[in-house]
Amino acid sequence: MGRDYPRRSRSKIDEQRKVAGITESKNLEEQAISLVGTDIYEKLVKGYTEKQWGRDCKDLPAFIIKRLPVRLTFDNNYFNALYQDIPIGGYARIVENMLKGIEIRLGVDYLEHKVELDALADRVVYTGSIDAYFGYRFGPLEYHSVRFETETLDKPNFQGNAAVNYTDRETPWTRIIEHKWFEFGKDEQGNDLPKTVISREYSSEWKPGDEPYYPVNDEENSALYAKYKKLADAEQNVIFGGRLAEYKYYDMDQVVAATIEMSMSAF
Ligand SMILES: Cc1cc2nc3c(=O)[nH]c(=O)nc-3n(C[C@H](O)[C@H](O)[C@H](O)COP(=O)(O)OP(=O)(O)OC[C@H]3O[C@@H](n4cnc5c(N)ncnc54)[C@H](O)[C@@H]3O)c2cc1C
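Residues numbered from 1 in each chain as written. Predicted model: local features only at pLDDT ≥ 70, side-chain atom pairs only at ≥ 80, totals over all residues. Heavy atoms only, no water.

Visitor: Break down the packing of helix α1 (residues 6–20) against helix α2 (residues 28–53) for me, citing the residues and quoting the values.
Guide: As a packed pair, α1 and α2 sit with axes 7 Å apart at the nearest point and diverge in direction by 100 degrees. Taken together, the axis directions place α1 and α2 in an arrangement best described as roughly perpendicular. Residues R10, I13, Q16, R17 and A20 of α1 pack against I33, S34, L35, V36, G37, T38 and D39 of α2. Looking at side-chain class alone, the contact of α1 with α2 contains 5 nonpolar, 4 polar and 3 charged residues. (Axes fitted to C-alpha atoms, helices over the stretch in contact; angles between N-to-C directions. Helix = DSSP H or I, 4+ residues; strand = E, 2+ residues; numbered from the N terminus. Parallel < 35°, antiparallel > 145°, perpendicular 65-115°, else oblique. Contact = heavy atoms within 4.5 Å. Nonpolar A, V, L, I, M, F, W, Y, C, P; charged D, E, K, R; others polar.)

And the structure:
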């Protein structure tokens, strides 16, 4: 479609939607075409979505991209946020600083040592999976998973950017992360780094026992979560928080906001 002015883009999208004859979107493909037209759907949405979900866009429900942010502006950021950044030194550094002077035990499964750990505090904030907490008694909640292949390259620059997405169907990975560009590619003394580390990210099937990444908020899983949530609400002195315990997709800013809100109301 090329670069064009908002008004012309709007009418082009409307025209493509008309040609496709979509009045009410019955699947993801129709929903995407009615939002962004055929050209952008073919180039940006189709291959990427089919890789992510391992299914044809015609076989995916429309609701998945109902909230796809579409703006007819020259702002090429993905998010609409006014400010976008990550903490200096990354999230590990900010969390380390917040927890300075506090006893931390790593590599301990809370559920395996629940009785002993519960005895240490009046209240517990649980950030693990809600279904695991209740011994999967109603069955496991489903997740989408991703797999990373990480490589260190003997060159200072691979792609000049922290994340590059591959929207075509043929490339097997969905994106490549080049970690150094989150920190402007310098070491702590501000020197350029001679090497670079990249991670290719692949969409992957999830089965119980795998690392849970993205919740599947379809009807079935939402109903299952509601059953676990009922049990969680009745649990004394345990606060269920975060993406796993609330079975909800959170971005970092949202999870920080939710934590602040929760701590203000719970303590
Ligand atoms: C692949 C991927 C990419 C992402 N990219 C972005 C991005 O670009 N921008 C953005 O804003 N957000 C991104 N996010 C989202 C971001 O990572 C989350 O919002 C954030 O990590 C949620 O924090 P949390 O505390 O809820 O969960 P987590 O960070 O998952 O923390 C939960 C903690 O609980 C621990 N835990 C679980 N079970 C137990 C147990 N039984 N015993 C002891 N400990 C336990 C886990 O080890 C973990 O440390 C991404 C998420 C994923 C999966």
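Visitor: Lay out the layout of surface pockets in plain terms, naming residues and giving numbers.
Guide: Reported here for the second largest pocket is a volume of approximately 160 Å³. Looking at the second largest pocket, it is lined by 13 residues, and the ones nearest its centre are S129, Y136, W206, D210 and P212. Of the residues that constitute the lining of the second largest pocket, the class distribution is 9 nonpolar, 2 polar and 2 charged. (1 Å grid on protein atoms, 1.4 Å probe; cavity = no way out; pocket = protein on both sides within 12 Å on 5 of 7 lines; lining within 4 Å. Points joined across faces, edges and corners; volume = space filled by probe spheres on them.)

Visitor: Which residues make up the nonpolar core, and what values do they have?
Guide: Counting residues in hydrophobic clusters, the biggest one holds 21 residues, and the most contacted among them are Y126, I130, Y133, F134, L141 and F240. Contributions of two or more residues to this core are made by β1 (124–126), α5 (130–133), α6 (219–234) and β7 (238–240). The element that contributes the greatest number of residues to this core is α6, accounting for 4 residues. In this structure Y133 touches Y110, L111, K114, Y126, E235, V238 and F240, once residues within four positions along its chain are discounted. Counting 10 residues, the second largest nonpolar core, distinct from the first, contains L28, V36, C57 and I65. (Core = buried A, V, L, I, M, F, W, Y, C linked by side-chain atoms within 4.5 Å. Buried < 20%, exposed > 50% of the residue type's maximum accessible area, 1.4 Å probe, protein only.)

Visitor: Please set out the sheet that holds strand β6 (residues 214–215) residue by residue, giving values where relevant.
Guide: A sheet is described by the order of its strands in space; here 5 strands give the open sequence β3-β4-β5-β2-β6, paired in antiparallel fashion. In this open sheet, the two edge strands, each paired with only one partner strand, are β3 (163–165) and β6. Here strand β2 (residues 143–153) pairs with strand β5 (residues 196–204) via 9 bridges, running antiparallel. Each bridged residue has a counterpart across the sheet, and for R147 the counterpart in β5 is Y202. (Pairing = 2+ DSSP bridges.)

Visitor: Please give an account of the packing of aromatic side chains that cites residues and values.
Guide: Enumeration over the complete set of coordinates arrives at 16 aromatic pairs. Look at Y5 and F74: their rings are 6.3 Å apart centre to centre, the planes differ by 85 degrees, and that puts the pair in the edge-to-face class. Residue Y5 is found in the segment before α1, and its partner F74 is found in the loop between α2 and α3 (90–98); the two are separated by 69 residues along the sequence. Like Y5, the residue F74 is exposed in the burial classification. Taken together, Y110, Y126, Y133, F134, F138, Y228 and F240 form an aromatic cluster joined through their ring pairs. Above the face of the W173 ring, R200 is positioned so that its terminal group lies 4.8 Å from the ring centre. A cation over a ring is seen here: K227 above F138, with NZ or CZ 4.7 Å from the ring centre. (Phe/Tyr/Trp six-rings, centres within 6.5 Å; stacked < 30°, edge-to-face > 60°. Lys NZ or Arg CZ within 6 Å of the ring centre and 35° of its normal.)

Visitor: Give me the lowdown on the environment of W181, citing residues and values where you can.
Guide: The topology assignment puts W181 in the loop between β4 (175–178) and β5. For the pair formed by W181 and N157, sequence separation is 24 residues and the distance between their alpha carbons is 9.2 Å. Aside from chain neighbours lying at most four places away, what touches W181 is P156, N157, G160, N161 and A162. Engagement of the side chain of W181 in a polar contact is seen with the side chain of E178, the distance being 3.0 Å. (Polar contact = N/O pair within 3.5 Å; in protein donor to acceptor, adjacent residues only side chain to side chain.)

Visitor: Quick one: what's the story with unusual backbone geometry, residue by residue and with numbers?
Guide: Glycine aside, residues mostly have negative phi, and peptide bonds are mostly found in the trans state. With phi around 55 degrees, Y136 is a residue other than glycine that occupies positive phi space. Mapping Y136 onto the fold places it in the loop between α5 and β2. Taking relative accessible area as the criterion, Y136 reaches 45% and is therefore assigned partly exposed.

Visitor: Could you give me a rundown of the site of the ligand, with the residues and numbers involved?
Guide: As a structural note, the neighbourhood of the ligand is formed by 15 residues, with D109, T127, R243, Y250 and M252 the closest of them. For the ligand, a nitrogen atom lies 2.9 Å from a polar atom in the side chain of D109. D251 is positioned such that a nitrogen or oxygen atom in its side chain is 3.3 Å from a nitrogen atom of the ligand. Look at the ligand: alone it shows 990 Å² of surface, and the protein chains cover 60% of it. (Near = heavy atom within 4 Å. Areas by Shrake-Rupley, 256 points an atom, 1.4 Å probe, with all protein chains shown as cover.)

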